[in-house]
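What follows is each chain in one-letter form.
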Amino acid sequence: MSQIRRQYLGCFLAILVVFLLYNRSRSWKKVDTEKSPPAIVPPTNPEPLDDHPQTEPKPDSIWSTLPIRFPAASVYSIPEDHQQKLPHIQSASSTTSRITLWYQTGRQSAVKEAFRRCWKSYKSKAWQADELAPISRTPRNGLGGWGATIFDNLDTLWIMGMHDEFENAVTAVYQMSFADTSSPEINTSEVNTHILGGLLAAYDLSSDSRLLQKAIEVGDMLYAAFDTPNRMPIIHWDLHRAARQEEQIAEEVVSASELASFVIEFTRLSQITGDQKYFDTAQNVMATLDRLQDSTKLTGMWPVVINARAGVSDGDVYSMGAEVDSLYKALPKAYALLRGQEPMYRKMYEKFTRTAAGHSLFRPMNAEGKDILVSGSVRVIMTENGKPRTHLDPQVHSRACSAGGMFAMGGALFNVPIHRRIAHKLVDGCIWAHNAMPLGIMTEIYETIPCASQKTCPWNEWHWKQEVYKWTTNQPDPNPNLDVDKYIGENHIPKGIIVIPDTRYSLRPETIESIFILYRLTGREDLLDIAWELFQKIQNATKTSDANAAIVDVTTDGEPILEDSMESFWMSQTLKYFYLIFSPPDVLSLDEYVFNSGGHPLKIPEYTETGFEFQ
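The rules behind the values
Residues numbered from 1 in each chain as written. Predicted model: local features only at pLDDT ≥ 70, side-chain atom pairs only at ≥ 80, totals over all residues. Heavy atoms only, no water. Pairing = 2+ DSSP bridges. Helix = DSSP H or I, 4+ residues; strand = E, 2+ residues; numbered from the N terminus. Buried < 20%, exposed > 50% of the residue type's maximum accessible area, 1.4 Å probe, protein only. Contact = heavy atoms within 4.5 Å. Phe/Tyr/Trp six-rings, centres within 6.5 Å; stacked < 30°, edge-to-face > 60°. Axes fitted to C-alpha atoms, helices over the stretch in contact; angles between N-to-C directions. Parallel < 35°, antiparallel > 145°, perpendicular 65-115°, else oblique. Left-handed = near helix turned anticlockwise from the far one by under 90°. Salt bridge = Lys/Arg side-chain N within 4 Å of Asp/Glu carboxyl O. pLDDT = per-residue confidence, 0-100. UniProt positions renumbered as here; feature names shortened; annotations may be inferred.

Let us now look at the sheet that holds strand 9 (residues 317-318). Here three strands make up an open sheet; going across it, the order is 9-12-13 and the pairing antiparallel. Edge positions in the sheet fall to strand 9 and strand 13 (388-393), since each of these pairs with one other strand and no more. Sheet analysis places strand 12 (residues 377-382) next to strand 13, joined by six bridges and oriented antiparallel. Its bridge partner being in strand 13, Ser377 is matched across the sheet by Asp393.

The residue Lys351 is located in helix 14 (residues 343-359) in this model. Note on Lys351: relative accessible area 18%, which makes it buried. Each residue touching Lys351, except ones within four places of it in the same chain, is listed here: Gln293, Asp294 and Gly300.

Glancing now at the packing of aromatic side chains. Two numbers describe a pair of aromatic rings. These are the distance of the centres and the angle of the planes. Evaluated as defined, the whole model comprises 25 aromatic pairs. Judged by centre distance (5.7 Å) and plane angle (45 degrees), the ring pair of Phe226 and Phe266 falls under tilted. Of this pair, Phe226 sits in the loop between helix 8 (209-224) and strand 6 (236-237) while Phe266 sits in helix 11 (residues 263-273); the two residues are 40 residues apart in sequence, bridging distant segments of the chain. Judged by relative accessible area, Phe266 falls into the buried class, the value being 0%. A ring pair is formed by Trp302 and Tyr328, whose centres lie 5.9 Å apart and whose planes are at 40 degrees; its orientation type is tilted.

Closest axis-to-axis distance for the helix 15 (residues 403-413)/helix 16 (residues 417-436) pair is 8 Å, and the angle between their directions is 165 degrees. Viewed along their axes, helix 15 and helix 16 adopt a mutual orientation that is roughly antiparallel. The two elements helix 15 and helix 16 meet at a crossing, and its hand is left-handed. On helix 16, the residues touching Ala403, Gly404, Phe407, Ala408, Gly411 and Ala412 of helix 15 are His419, Arg420, Ile422, Ala423, Leu426 and Val427.

With that out of the way, let us pick up the sheet that holds strand 16 (residues 497-502). The three strands lie next to each other as 14-15-16, forming an open sheet whose pairing is antiparallel. The open sheet terminates on both sides in strands that have one partner only, identified here as strand 14 (395-397) and strand 16. This sheet shows a mean twist of 25 degrees between the axes of neighbouring strands, independent of strand direction. Note that strand 14 and strand 15 (residues 445-448) share three bridges and pair antiparallel. Each residue of the ladder has a partner; that of Val396, found in strand 15, is Tyr446. Each of strand 15 and strand 16 is contacted by helix 17 (residues 461-473), which is oriented at about 40 degrees to strand 16, the strand it contacts most.

Below, the discussion takes up the pattern of salt bridges. Applying the stated rule across the entire model yields 32 salt bridges. Note that Lys351 and Asp294 form a salt bridge whose closest N and O atoms lie 2.7 Å from each other. Taken together, the residues span a long stretch of sequence, with Lys351 in helix 14 and Asp294 in the loop between helix 12 (276-292) and strand 8 (305-306) at a distance of 57 residues. Residue class for Asp294 comes out partly exposed when judged on its relative accessible area of 44%. With a shortest N-O distance of 2.8 Å, Arg504 and Asp502 are connected by a salt bridge. The class for Arg504 is partly exposed, based on a relative accessible area of 33%. Look at Asp502 and you get buried, because its relative accessible area is 15%.

Attention shifts here to the confidence of the model for the chain. Per-residue confidence for the chain averages 87 on the pLDDT scale, and 86% of its residues sit at or above 70. Every residue in residues 1-60 scores below 50 in pLDDT, and together they form 98 contacts with partners more than four places removed in sequence or on other chains.

With that out of the way, let us pick up the UniProt feature "binding site: Ca(2+)" (unreviewed entry) in the chain. The UniProt feature table records "binding site: Ca(2+)" (unreviewed entry) at Ser597. Among the structural elements, Ser597 can be located in the loop between strand 19 (593-595) and strand 20 (601-603). For Ser597, the contacting residues outside a window of four places in its chain are Thr193, Ser326, Lys329 and Gln573.

Structure (structure tokens):
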């Protein structure tokens, strides 16, 4: 070892010892930065994949040198000195499932081949663009033009053993500049989920130091979007104005998911680098949401829209689907990533699930008599005497299918048996919605009939038809003489469904995500066959000459009409979860990783007798 390297190692060890002693002597709760500045540990990487040469800092470094106009008055720091073990939550194991694993090999290979086709097409026709349009075979940009599909699939390439392609992709992202974009504004929530999340996951898997360097660059860029008077992030962000150091103010209308989307990635970035500023920034947002939780119109849940500028949530609509799902999924995941040392996340989860179970979840009437659950929207109406009155809107969004995995994880982490039962019913509800459609693929949005009771719900065909009539004619009273069979046939309305406001399937991952999580946490092996059947249906209906495309209408009996769209989450989430459910359960064990809302596995720090290993 050279003298310079020995000196560097000695300095690093000295700083590390000071850092550990400093943190063990302080509370991990909020501290006054004027009295106790946050300790910073230089970035390190365990056993890098290759000895890659370091280059001069790129122009991206402007984000790390921008002066902060509104610095935090105090800082949240990650706990490191508590001796708490997380419960083992993964039930499925390589030992108990060995009999069936050999049968899954062919299925796994089929999924990998589907991914390989799409990746090859993207690489040849849209390389370094955000996405490939699969029918016109042209590149498309919608996320800054930084090659989102590459970042989004770094970890997928590694997981599937495509290491040559992984190396090519890493080389490409390492040369990418985040100093500028051709877009007038970027969605910081999406950049965080797909680009930063992809970099962190790929680094956790490969230990390639180039990925950590890019993750810090992206993290610093996103950190600048929090430089507002109340430290709430700007979601639709003009980074050119930020680079010119112009005034920034948080938006008045943002979705709850977007606001809360940073906590997993920023926490992991702080764990890896030791720089507390990322965790503090995201934790400040989550602490604000924690304070708001008891003051919303539906106590325990957050409305789909929040005023980030004023830090208030006075919306009327509450859901577990689009616009809010990522917030709810983040609660048990943040708890696990912090190894249970932030009780706020358990408290937030428990409050939310009590409210959701009583207001949003319902059993839909179905011809098969299945004991299933789905999640609708709740509208809160204030009466003349100022008291809230809730109204259940039985409109179900496909994105709400992630709730099954969320309840499964929370039930396992916090040992809540009723949540495990709810998880099974929610997953079965989404499977039912898929099977109800002619193509066997769930539509983006549908409406159904809530049962009066979750215990018994006999099928009533006349009642179903009258509900269809009331919706189509906007008439409040049923018509006993009306024959709606013709309308139902012409519009391909499945039994139990009232109306389908959005007939598309956009290659979304939420159903297979929850099937994967539920299988890993319960070992319920019928889910393997269900997943395989679902993959075949999706592949058969969406496959183009060299990729896959979204479906315009899943209710059609004939050849589906395809849309010229293949969002990056098709490869980075949908195909990844299909691949993982057919993999041995010890591959990316849920005892060792949490998946961010973009499907990227981030390493949970390891427990040791003297604390936690954060890398």
